[in-house]
Amino acid sequence: MYTAALCLLLVNILTCQRPEPLKGDVLITNVNVIDVERGVVVSSQQVLLRGDTIHAILDADQDRPLEATTVIEGEGRYLMPGLWDMHVHNTGDELMRTAFLPLYIAHGITGIREMSGLPEDFLMKDSVDQELLVGPTIVMGSPLVDGLSTWNVGDHHLTIPDEAAARAIVDTIKAQGYDFVKTYSFLSRDNYLAIMQRARELDIEVNGHIPNEVSAFEAIEAGHRTIEHMIGLELSAASNEGELRERLQQRIRAIQPDSPADVSRETFLAIEYEPVPHVDPAKEDSLFALLADRDTWVVPTLVLQRIISYPEDEQFWDDDFQRYIDIHNRDTLLERDYQARGRLKPTIDYRMRSLKRLHDRGGKILAGSDMNGGIPLHVELQLMVESGLTPAAALRTATLNPAEYLGHTAETGTVEAGKRANLVLLEENPLDDIRNTLTIAAVINRGRVYDRAQLDALKSRAVAVLDRVEAQVLAENGE
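I will try to describe carefully the structure that is included in this document. (Residues numbered from 1 in each chain as written. Predicted model: local features only at pLDDT ≥ 70, side-chain atom pairs only at ≥ 80, totals over all residues. Heavy atoms only, no water.)

Quick look at the overall build of the protein chain
Stated formally: Secondary structure elements follow DSSP: runs of H or I of four or more residues count as helices, runs of E of two or more count as strands, with numbering from the N terminus. Atoms counted for the radius of gyration: C-alpha only. Globule rule: 2.2 Å times the number of residues to the power 0.38. Buried residues are those whose accessible area, probed at 1.4 Å on protein chains only, stays under 20% of the maximum for their type, while exposed residues exceed 50% and partly exposed ones sit between those limits. Charge counting treats Lys and Arg as positive and Asp and Glu as negative, with His and both chain ends excluded. Every charge is mapped onto a representative atom, which is NZ of Lys, CZ of Arg, CG of Asp or CD of Glu.
Helix and strand counts for the protein chain come out as 18 helices and 17 strands. What you see for the protein chain is a C-alpha radius of gyration of 22 Å, in line with the 23 Å of a compact globule of 479 residues. Projected onto its principal axes, the C-alpha positions of the protein chain cover 70 × 55 × 45 Å. Taking all 479 residues of the protein chain together, 58% fall into the buried category. Taking the average location of the 46 positive side-chain charges in the protein chain and that of its 76 negative ones, the two points are 2 Å from each other.

Written out as structure tokens, the structure is:
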């Protein structure tokens, strides 16, 4: 619950954080354009924006200079497409509305994909679309569709007991307007296949975890569209896959409605860490080849897993990272004695190594942080480069690749005439150093230009909300 004073602060934030759309055309002069498709810089360009569209791009030394009502100096700066965070949660809660949605824009993120939405979340999505709220475009996934679990429960977690219920939930999700069905780890094979069949009939995607009882090979062939966290890949590439899968399934079948939450949680974690020592390189190569050949994408979410396993990593204690994480994330993820740390270390280490192999094999990768606040997405890109991807390849996972996955390459994903003007102006070249995605001078979203001062104001107001929420939580806990 929020106090009256906090609610008043939230109302003030909502009414003063959005700049007015500029009247007339906007010209960015003499700017270096990042061609994310080719991974090169096209230097000295004039970029003319009309409304929310890139109207024209010409060489800066053309005899016919472009003219506009508003001119933004691009000399020495770099222009790239707006970023996408393809794995986030909780877009409908008040903290997301007042702090995290504006922080996405402040960090150059102009699109996000909600991975466990609720019907009431559409109000926030619509408010952003109608420009009543500052925030990125939202792709809305369904609540988690799962088998019986006593951990991570709530309205966002739906238990599916049989095939009839599996087919019916797809009907409901489609009717409610979600963009895809989100599957989870404890779903039975029969119920998963029933969901896949009904989803094909209704033309709606299935994304999320590959359930423990289902081979990744089978899920990919069935049309599973995105695999989150790489869950299910290690098990399907294990030399003793059958034995491991049955042992884990016995633990899932043993879960009862009154089982402690830790029983479900520990089983969930075991699916991630038990297969890793048994990965067979030949099976992994076959799996990655199939991923490259099919329209299935992988969302690694390295940053969340790295924090869990390596909370002592200095980058997670940096002030610029800490100030945009709410108290609940800090308590659950950045505790130095986090109980899953030791067991999951080999998993994140393996996933960091295997990501380069997946990429080199032609696998399709999307950037997602599984965290809120914007800056974790930038750290995700840094971890991709640490894993062996080039800065250009990492940048594509948050720009062109999301556009390709969504089928929106005619509208977004690159800086080209005719596409939407969702853009980020940087002080430094991200192709030289991926950390330069954080050198943001301006963000352009929905025909509105947020300069450095306005971006700083978005951050300051969001931090004020986060600080007040933290103070309230601490007071309620007697701290």
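Now, onward.
Topic: unusual backbone geometry
Here Ser44, not a glycine, exhibits a phi torsion of approximately 55°, which is positive. Mapped onto the elements, Ser44 comes out in strand S2 (residues 40-50). Overall, the relative accessible area of 33% leaves Ser44 in the partly exposed class. Phi at Asp203 takes a positive value of approximately 55°, unusual for a residue other than glycine. Note on placement: Asp203 falls in the loop between helix H5 (189-202) and strand S11 (205-208).

A word on the packing of aromatic side chains
Our working rule: Pairing of aromatic side chains here covers Phe, Tyr and the six-membered ring of Trp, requires ring centres within 6.5 Å, and sorts the geometry by plane angle: under 30 degrees stacked, over 60 edge-to-face, intermediate tilted. When the NZ atom of lysine or the CZ atom of arginine is within 6 Å of a ring's centre and also within 35 degrees of its normal, the charge is said to sit over that ring.
Under the defined criterion, the tally for this structure stands at five aromatic pairs. Arg306 extends its terminal NZ or CZ atom over the ring of Tyr310, reaching a point 5.6 Å from the ring centre.

A look at the packing of helix H4 (residues 163-176) against H5
To keep things clear, this is the line we draw: Note on geometry: axes are lines fitted to C-alpha atoms, helical ones only across the stretch in contact, with angles between N-to-C directions running from 0 to 180 degrees. A crossing counts as left-handed when the near helix is turned anticlockwise from the far one by less than a right angle, and as right-handed when that turn is clockwise. Contacts are assigned to residue pairs that have any heavy atoms within 4.5 Å of one another. Nonpolar residues are Ala, Val, Leu, Ile, Met, Phe, Trp, Tyr, Cys and Pro. Charged residues are Asp, Glu, Lys and Arg, and all others, Gly as well, are polar.
Where H4 contacts H5, the two axes come as close as 8 Å, and the packing angle between them is 35°. H4 and H5 meet at a crossing whose hand is right-handed. For the pair H4 and H5, contact is made by Glu163, Ala166, Arg167, Val170, Asp171 and Lys174 and by Asp190, Asn191, Ala194, Ile195, Arg198, Ala199 and Leu202, respectively. Broken down by class, the residue content of the contact of H4 with H5 amounts to six nonpolar, one polar and six charged.

A word on helix H3 (residues 121-129)
Within the sequence span of H3, burial applies to Asp121, Phe122, Met124, Lys125, Ser127 and Val128. Residues of H3 that are buried make contact with helix H2 (94-106), strand S8 (137-146) and H4. Among the residues trailing H3, Glu131 stands out with phi positive, at a value near 60°.

Here's the deal with the pairing of strand S10 (residues 180-183)
To keep it simple, the criterion reads: In short, DSSP must find at least two bridges between two strands for them to pair. The crossover handedness rule: strands pointing away from the viewer, path from first strand over the helix to second strand clockwise, crossover right-handed.
Across the two faces of S10 the burial is the same, with Phe180 and Lys182 and Val181 and Thr183 all buried. The pairing of S8 with S10 spans three bridges and is classified as parallel. Paired with Gly141 across the bridge in S10 is Phe180. Summarising the sheet, S10 and S11 pair through four bridges and their orientation is parallel. Bridging across to S11, Lys182 finds its partner in Asn207. In the classification by handedness, the crossover that spans S10, the intervening H5 and the parallel S11 is right-handed.

Re H4
Convention followed: In this scheme, a helix's expected span is set at 1.5 Å multiplied by one less than its residue total. The directions considered for the arc are those from the helix axis to the C-beta atoms.
Relative to the 20 Å expected for 14 residues at 1.5 Å per residue, H4 spans 20 Å between its end C-alpha atoms, a close match to the ideal helical length. Among the residues making up H4, those that are buried are Ala166, Ile169, Val170 and Ile173. What you see down the axis of H4 is that its buried residues fit within an arc of 105°, all on one side. Next to the buried residues of H4 lie S8, strand S9 (157-159), S10 and H5.

As for the pattern of salt bridges
Rule in force here: A carboxyl oxygen of Asp or Glu within 4 Å of a side-chain nitrogen of Lys or Arg is what we treat as a salt bridge.
Going through the model one piece at a time under the given rule, you end up with 34 salt bridges. Notably, a salt bridge pairs Glu411 with Arg420, separated by 2.2 Å at the nearest N-O pair. Of the residues examined, Glu411 reaches a relative accessible area of 33% and is grouped as partly exposed. The class of Arg420 is partly exposed, set by a relative accessible area of 31%.

All quantities given are derived from atomic positions and should not be read as evidence of function.
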